[in-house]
Amino acid sequence: MDSRAHVFLFLMATLTSGQPDSSCPPGWGRLSNATCVQFTDDYRLPWAQAQQTCQNLGASLLRFSSPDELQAFSVAATVRPVDGWWTDLNSMGGTQSWTWGGDEDVAPGTVLWAAEPTDNHHVENCVSMDTAGLLSDESCDSRFGFICTYQIPQGGSCTGSFTSYDGFCQYFTGDDETLQVSWVDAKAACASLPGTPGSPRSSLATFFSAYTYETLKILSGAAVPAAKRWVGLTDNSTERQWTWSDGTRVNDTSYLRWRLYFGDTQTAGCGLVHSNGQMEVDVCEEPHRFACKLTVDSASSSEERDFGCPSPWIRGGRKCYLFNSNMSVVFQDAQGFCSRNKGRLLQVSSMDEKDWMVQQTLSQNKGAVWTGLRRAADGSSSWIWDDGTAADPTYITWSSEPNDDGPAGEDCAFLTPDGTYSDASCFYRSAFVCELESEDAPCPAGWVDQELDFMSLCYYISNSTKEGGATRMEALFRCRRLANRQEAHLVAINSQAEMDFVTSLIKGRPWDGYWTDLTDSRIEGLWQFSNPSDVSPPIPWAKEPNNRGGHENCVQMYPGGRYNDVNCDTKSYVLCEKSVPGVSSTAHLTSQVAAWLLLLPLVLPAFISLVPPEH
C-alpha cells in the first residue's frame, strides 16, 4: 500500500477511534450492576449438560443473589421468544435443601415457587399432563407429546394404536421427539389417526368427571415414559375459561389437579425459572433451555447502566425503549408492566422520535403495540398521553382512524406495523412498547447535572444543616455512597467555566468550607487532584496556603470561590462530582470528526506532500 494511503488511514483511525464497552462479552446482556446473562433459546439440554456448557464459558447456570436481580431477570426474559430456562438451583446430593450449584445458600426472596396455572407471558393457553397426572398451562407453541381419545362405538372395539378404558379408546405418545408437536398440531394429529369405521374422530384427551380424570392419570403413569403430553384443555378464547378442543365449556374444574411448586426437597430435582420469575421443579434429566450467568467487575459496568439503557432496553435518541412483542395484554396491564419497570408506555414528543418509531415498526415487524395515547374523555375527539399531557397531532399519523366505532368504545390507541395509529377498545389484547427517560436524568437523585467543556457532569452539595460536617476521607466515602457506589470524587475544578458554575451553586450558602479534591499529600507544596491527569487552573487562594502547624494538606472551597488549605481531619461540608459518559462526549467527538472532514481537502494535500512516495 502507498505510504500516503497509510497516513490517511492512520489519520482517520485517530479521529474516529473509541473505547468499546467491555463490561459484558459479545452476546451477553446486562442483568445487574455486576452480572451478565446469556440466554440459550435455540436448543435444550439436561441440567448437568447445561451446567457444564456454562462452566465451559467461565460462567455458571443462572443464579439470583437478590430480589432485585430476580426482577431484572424477569424484565430481560419477558421479551424472549420462548419461556423456561434451567437455573443452578437444585436439591441433589442428599442436601435436603435447595442450593445454587450445591455450594451456595439461597438468599431470602430470591426464589418464588409457582403454582399452576401461571399463564407466563399471558400466552399459556393450552394444557399438558405429566406422568403424575398433574396439569400445567403452557404456550400452545411448546412441543410435547399428546394423548388422543375417542368413545368406543356400540358393539365396537378400539383399533390401531388405541387401547380401551372405561368406554373410551386412548392413545399415548412416548418419548419419541418426532412426536413432540404444538397443541394445534397435536389436535390435528389426533383427528387424523385411524379408528374404527363409523366411530367418532379421535380428539385430544378429554375428561368430564373426576373418575375419568383419575383413570386417565393412572394410565398415563403406566404408559411409555414422557415428561408432558398435551390434553384437550384450553383457554384460548377467554382467559381462565377452560374449554375442550371442540369448544365445549368445562363447567366443573374442581377435580382438576394443577401442579404445585413449594420447594419440596424430598425428591431430588432441578430448578426451572419462567419469565415471570417463578420457579418450578423438574426432572434434571429432562432437556430444557438454559441461561448462563457471568460475574463482571461492577466498577466497569456502573457507568454504562447510569447513562445507557439497561438490557434488554434499546437506545433511541434520548430514550430507552422496550418492545414487548411476546405479550398480548389489555391497555391497563401494559401500563402496569411499564410502571413496575420504572418506565411508561410510549409517549412520542418529537419529530425525530416519530420517525424513529416508524422505522422500528417497518423494519423490525414488531406488530401492533399499545402506546400511551388515549382519549381525554369518553367520546372526546382530543387525545392525551398516559401522564395527562396533551398529544401534539404533529407527531401522530392516523390510519383511517380514529372512528370510535367499537361496541364498548375505542379510547386507547396502538401503533400499527406501518407506523400509523389506530384507536381500539382498551380491553383489546395487544403487545406494547415501554420507554425510559434515562438520558434526560443522567445524574443520581439529588444531584445537579451540567454540560461543561463538552462533558456531562453531576454535582452534589451537602445540606449543611442536616448532614453535618465530615473529614475529607468521610466526605469521599459519602460521595461514592450518594452516587449509588459508582465512581465519584470531591469536586475537582478544571476550568474557569466550571469554577463559575460551582461558585454559582454555593452562592448564598452559609460561609462554611466545602471539600475539594485538591491535596499536596504526595509532594509538599505541589497541589494536585487525586487523578494526576486532571489539571487545575490558577488556584484562587484566600491569602493561603500557609500550612499552619505543618499538617494542612487538604483544601476547602468557600462561597465566592476562595480556597484555603486545612488539616484533612477537619470537619467540613461535602461537594461531590461525577462524570457521565455517553452522548454528549460522543457528540463532541462527532463534531470534531465532521470539522476535520471539512478541512481534509485543504490540509491533506500539504500533509501528504511531506511523505516521500515508495520506490
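Bear in mind that the values here come from a model prediction, so they are computed numbers and not experimental data. (Residues numbered from 1 in each chain as written. Predicted model: local features only at pLDDT ≥ 70, side-chain atom pairs only at ≥ 80, totals over all residues. Heavy atoms only, no water.)

*Asks:* So what's going on with helix 10 (residues 472-482)? Residues and values would help.
*Replies:* Looking at helix 10, one finds that the buried residues are Arg472, Ala475, Leu476, Arg478 and Cys479. Buried positions in helix 10, seen along its axis, are confined to an arc of 160 degrees and lie on one side of it. (Buried < 20%, exposed > 50% of the residue type's maximum accessible area, 1.4 Å probe, protein only. Helix = DSSP H or I, 4+ residues; strand = E, 2+ residues; numbered from the N terminus. Arc of directions from axis to C-beta.)

*Asks:* Tell me about the sheet that holds strand 29 (residues 514-519), and please be specific about residues and values.
*Replies:* The sheet built from three strands is open, its strands ordered 29-30-31 with antiparallel pairing. Of all strands in the sheet, those with a lone pairing partner are strand 29 and strand 31 (563-566), marking the two edges. Between one strand axis and the next, the sheet turns by 40 degrees as a mean value, whatever way the strands run. The pairing of strand 29 with strand 30 (residues 554-557) spans three bridges and is antiparallel. Considered in strand 30, the bridge of Thr519 is made with Cys554. The strands touched by helix 10 are strand 29 and strand 30; relative to strand 29, the strand with the most contacts, the crossing angle is about 100 degrees. (Pairing = 2+ DSSP bridges. Axes fitted to C-alpha atoms, helices over the stretch in contact; angles between N-to-C directions. Contact = heavy atoms within 4.5 Å.)

*Asks:* Give me the lowdown on the pairing of strand 21 (residues 369-375), citing residues and values where you can.
*Replies:* Buried residues dominate strand 21, accounting for six of its seven residues. As paired strands, strand 21 and strand 23 (residues 412-415) are joined by three bridges and run antiparallel to one another. Bridge pairing in strand 23 places Arg374 opposite Cys412. For strand 21 and strand 25 (residues 430-436), the ladder comprises two bridges, and the chain directions are parallel. If you follow Val369 over to strand 25, its bridge partner there is Ala431. Of the strand pairs in this sheet, strand 21 and strand 22 (residues 383-384) are connected by two bridges, and their pairing is antiparallel. In the strand pairing of strand 22, Arg374 is matched with Ile384.

*Asks:* Please give an account of the nonpolar core that cites residues and values.
*Replies:* Ranked by internal contacts, the top residues of the largest apolar core, which has 22 residues, are Tyr459, Ile493, Val502, Met557, Tyr563 and Leu575. Among the secondary structure elements, those contributing two or more residues to this core are strand 27 (455-461), helix 11 (496-506), strand 29 and strand 30. Examining the composition of this core, we find that five residues originate from one element, helix 11, more than from any other. Within the second largest apolar cluster, 20 residues are counted, among which are Val127, Leu135, Phe172 and Leu216. (Core = buried A, V, L, I, M, F, W, Y, C linked by side-chain atoms within 4.5 Å.)

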